[in-house]
Amino acid sequence: MSIDEQLRTRLVAETEHLVPDLELELARTLRRAQRRRHARTAVVAAVAAAVAGVAWLAGVPGADRADRPVDPARSPDSSITGATDLVGYRGPLEPGRYSMAAWGPDGGTTLPRAVLEVPEGYFSNGGWAVDAGGPGEIEQLGEVMVWPVTHVFTDPCDTRPARVGPTLRDLALALTDQTGTTTTRPRPVTLDGHRGLYLELTTGATHAGCTRLDLWHSAPDNDYGQDTGGIVHHLWILDVDDTRLVVAVSNYPDQTPAQHQELIDIAETIHFTEPTGS
Amino acid sequence: MRRSQQVEFEWVFRSTYPSVLRTTFLILHDRGRAEEVTQDAFLHLYERWGGVVHIDHPSAWVRKVATRAAVRQARLARVRRSAGQDEEVMAWDQLPDVDLVRAVASLAPQQRAAVALYYLEDLPVEEVAHLLGVSASTVKQHLHRARARLATMLSASPEEVTHDVD
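Residues numbered from 1 in each chain as written. Chains lettered and ligands numbered in written order. Predicted model: local features only at pLDDT ≥ 70, side-chain atom pairs only at ≥ 80, totals over all residues.

A. Seen up close, the overall build of chain B. Scanning chain B from terminus to terminus reveals seven helices and zero strands. Each helix and strand of chain B, placed in order from N terminus to C terminus, yields the pattern α-α-α-α-α-α-α. Taking all 166 residues of chain B together, 42% fall into the buried category. Long-range contacts, defined as pairs at least 24 residues apart, comprise 61% of the intrachain contacts of chain B with a sequence gap of at least 6. (Helix = DSSP H or I, 4+ residues; strand = E, 2+ residues; numbered from the N terminus. Buried ≥ 20, exposed ≤ 12 C-beta atoms within 10 Å, placed from the backbone. Contact = placed C-beta atoms within 7 Å.)

B. Here's a closer look at helix H1 (residues 3-28) of chain B. Residue and element names in this part refer to chain B. With 26 residues, H1 should reach 38 Å at 1.5 Å per residue; the first-to-last C-alpha distance of 35 Å fits that figure. Its maximal kink placed at Thr 16, H1 deviates by approximately 45°, while the proline Pro 18 follows within four residues. The positive-phi residue at the C-terminal boundary of H1 is His 29, with phi of around 55°. (Expected span 1.5 Å × (residues − 1). Bend = angle between axes of the 7 residues up to and from the residue.)

C. Structural context of helix H1 (residues 3-14) of chain A. All names here are of chain A. Look at H1: 16 Å from first C-alpha to last across 12 residues, which is about the 16 Å you get at 1.5 Å a residue. Regarding H1, the residues found buried are Ile 3, Leu 7, Leu 11 and Glu 14. Burial along H1 is one-sided: seen end-on, the buried residues are contained in an arc of 75°. Along H1, exposed side chains directed more than 90 degrees from the buried face belong to Glu 5 and Ala 13. (Arc of directions from axis to C-beta.)

D. Representation of unusual backbone geometry in the model. All names here are of chain A. Of note, Asp 241 is a non-glycine position whose phi angle comes to about 50°, a positive value. Of note, Asp 241 is situated in the loop between strand S16 (232-240) and strand S17 (243-251). Exposure remark for Asp 241: the 11 C-beta atoms within 10 Å place this residue in the exposed category. In this structure, Asp 242 is a non-glycine residue whose phi angle is positive, near 70°. Position of Asp 242 relative to the elements: it lies in the loop between S16 and S17.

E. Here's a closer look at the interface of chain B and chain A. Opposite the 39 residues of chain B that make contact, chain A presents 31 residues. Listed by contribution, the elements that provide at least two residues to the side of chain B that touches chain A are H1, helix H2 (31-49), helix H3 (58-82), helix H4 (99-105), helix H5 (109-120) and helix H7 (136-153) of chain B.

F. Up close: the nonpolar core. Judged by nonpolar contacts, the single largest core of 56 residues is most densely connected at Met 100, Leu 116, Val 144, Val 146, Trp 147, Val 246 and Val 247 of chain A. Those residues in contact with Val 146 of chain A that sit more than four places away from it in its chain are Met 100, Ala 102, Trp 103, Ala 114, Leu 245, Val 246 and Val 247 of chain A. Counting 50 residues, the second largest nonpolar core, distinct from the first, contains Ala 114, Ala 116, Tyr 119 and Ala 146 of chain B. (Core = buried A, V, L, I, M, F, W, Y, C linked by C-beta atoms within 7 Å.)

G. How the structure looks around the sheet that holds strand S15 (residues 222-226) of chain A. All names here are of chain A. The four strands are arranged S10-S9-S14-S15 in an open sheet whose pairing can be described as antiparallel. Either end of the sheet is taken by a strand with one partner, and the two such strands are strand S10 (161-163) and S15. If you compare each strand with its neighbour and ignore which way they point, the axes differ by 20° on average. (Pairing = 2+ DSSP bridges. Axes fitted to C-alpha atoms, helices over the stretch in contact; angles between N-to-C directions.)

H. Up close: the pairing of strand S5 (residues 113-118) of chain A. Residue and element names in this part refer to chain A. The buried count for S5 comes to five of six residues, which makes it a mostly enclosed element. The sheet contact formed by strand S4 (residues 96-100) and S5 spans five bridges and is antiparallel. Bridging from a neighbouring strand, Arg 97 pairs with Glu 117 of S5.

I. Summary view of the pairing of S15 of chain A. Residue and element names in this part refer to chain A. The pairing of strand S14 (residues 213-219) with S15 spans five bridges and is antiparallel. Along S15, the bridge assignment pairs Asp 214 with Gly 225. What sits between S14 and S15 in their antiparallel hairpin is a turn of two residues, with Asp 221 showing a positive phi close to 70°.

J. Structural view of the confidence of the model for chain B. Residue and element names in this part refer to chain B. Looking at chain B as a whole, its pLDDT mean stands at 79, while 77% of the residues score no less than 70. Low pLDDT, under 50, characterises residues 85-97; the stretch is placed with 17 contacts to residues that sit more than four places away or in other chains. Confidence drops under a pLDDT of 50 for residues 157-166, and excluding neighbours within four residues, the segment shows 17 contacts in the predicted structure. Both scores are available for the predicted complex, with the pTM at 0.48 and the ipTM at 0.78. (pLDDT = per-residue confidence, 0-100.)

K. Focus on the packing of H5 of chain B against helix H6 (residues 125-132) of chain B. Residue and element names in this part refer to chain B. In the contact formed by H5 and H6, the axes pass within 10 Å of each other and the chain directions differ by 135°. In terms of orientation, H5 lies oblique with respect to H6. For the pair H5 and H6, the sense of crossing is right-handed. Contacts between H5 and H6 pair Gln 110, Ala 113, Ala 114, Leu 117 and Tyr 118 from the former with Val 125, Val 128, Leu 131 and Leu 132 from the latter. (Parallel < 35°, antiparallel > 145°, perpendicular 65-115°, else oblique. Left-handed = near helix turned anticlockwise from the far one by under 90°.)

L. View of the environment of Leu 93 of chain A. All names here are of chain A. Following the sequence through the fold, Leu 93 ends up in strand S3 (residues 90-93). Remark: the alpha-carbon pair of Leu 93 and Pro 119, spanning 26 residues in sequence, is separated by 8.5 Å. Among all residues touching Leu 93, those that are not within four sequence positions of it are Tyr 98, Val 118, Tyr 122, Phe 123 and Ser 124.

M. Quick peek at the confidence of the model for chain A. Across chain A, pLDDT averages 80, with 81% of residues at or above 70. Across residues 59-74 of chain A, confidence stays below pLDDT 50; counting only partners more than four residues off in sequence or on other chains, it has 21 contacts.

N. Inspection of the packing of H5 of chain B against H7 of chain B at higher detail. Residue and element names in this part refer to chain B. Relative to each other, H5 and H7 sit at 90°, their axes nearing to 9 Å. Put simply, H5 runs roughly perpendicular to H7. Here Gln 110, Gln 111, Ala 114, Val 115 and Tyr 118 of H5 come into contact with H7, specifically with Val 139, His 142, Leu 143, Arg 145 and Ala 146. Looking at the contact of H5 with H7 residue by residue, the class counts come to six nonpolar, three polar and one charged. (Nonpolar A, V, L, I, M, F, W, Y, C, P; charged D, E, K, R; others polar.)

Dropping the structure here:
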């Protein structure tokens, strides 16, 4: 018997003990899918309600826009600062300049907005992020987002985030102290002329006792977490006109170095503008 | 999702899950993590099942997602282990008391994946290459090195190593 035949025969024999309970595994998968669907629906509904409420209070024309669920066929709105407004948009992005809200309370309407230049090949999955990869692709590859982070999960496997102090340094220290992640030493940085601290944070692996890694929080139901480990986050913790904002570039493990760098380049084009709801 | 789509998904799940689990187990050598990675892949498949993007070969798709995720996790575990940042991830006690599965555990993660897909799942080299996102020649190289190493470990004469994947 050749070594190939030996290997084939023995591997089959030695993995025969792996007999899954198929019905149990199927039920678990369907339950998880149902939970994720409910969570997504709740977030979309909450954000839509918040945006509609703020728009109505501010008397913004077209305030009913947020009543509609995210519409994949809709084109982004280009009414803000000459840049195309991403909020509420889901779909591929034409290369160009976009205005993105921070992912915070009230849909980020009271916070400075980020205007950024997006090259070809990106999409947005709801309007609060520029996403790499593409809708319908096997895996999302990365994203650029802006967060008004108020809490950090001291342990990404725990479900309770801890409030952090108000300074840039408070937040940088909370992130570097997070267990289960590795971080670079925070260093001074400026982005769009706003001073801040920059660090890189890499998540560890998920495992049976911890299938989701929660990192930070910016408002009720606005937690950043992933069910994939090994994601590298580039974080600019900035003082934007007395508001602490975090520009987060999250690079997934499957990205090539060029894709990884392109997301960083996109983040570095950010120019902050006035809040829409102020 | 329509009832007929649900039935189709369940059929794919029942027919594919066991073999995908075997593959991820041989890469990760931890049944808990293998089940987790496999279930995640099927969850992603389910979420696309009723969508607008049609997946022509769902079994191959889910095997690709699971295999790549397992390789990623195995690489990360290696890096963390070598950096001394993680507990002993290679849970030897969880392995069955057999030589070959332990020997496979000593290979690089992508070699393990190539061995699992080629020997265990009996897939042709070209398909293994597609699933791993590498060229066929890279897969052949992985298999050649893995086979030589396994043969040595199993006390077989290196001269017995054949080259039937070429």
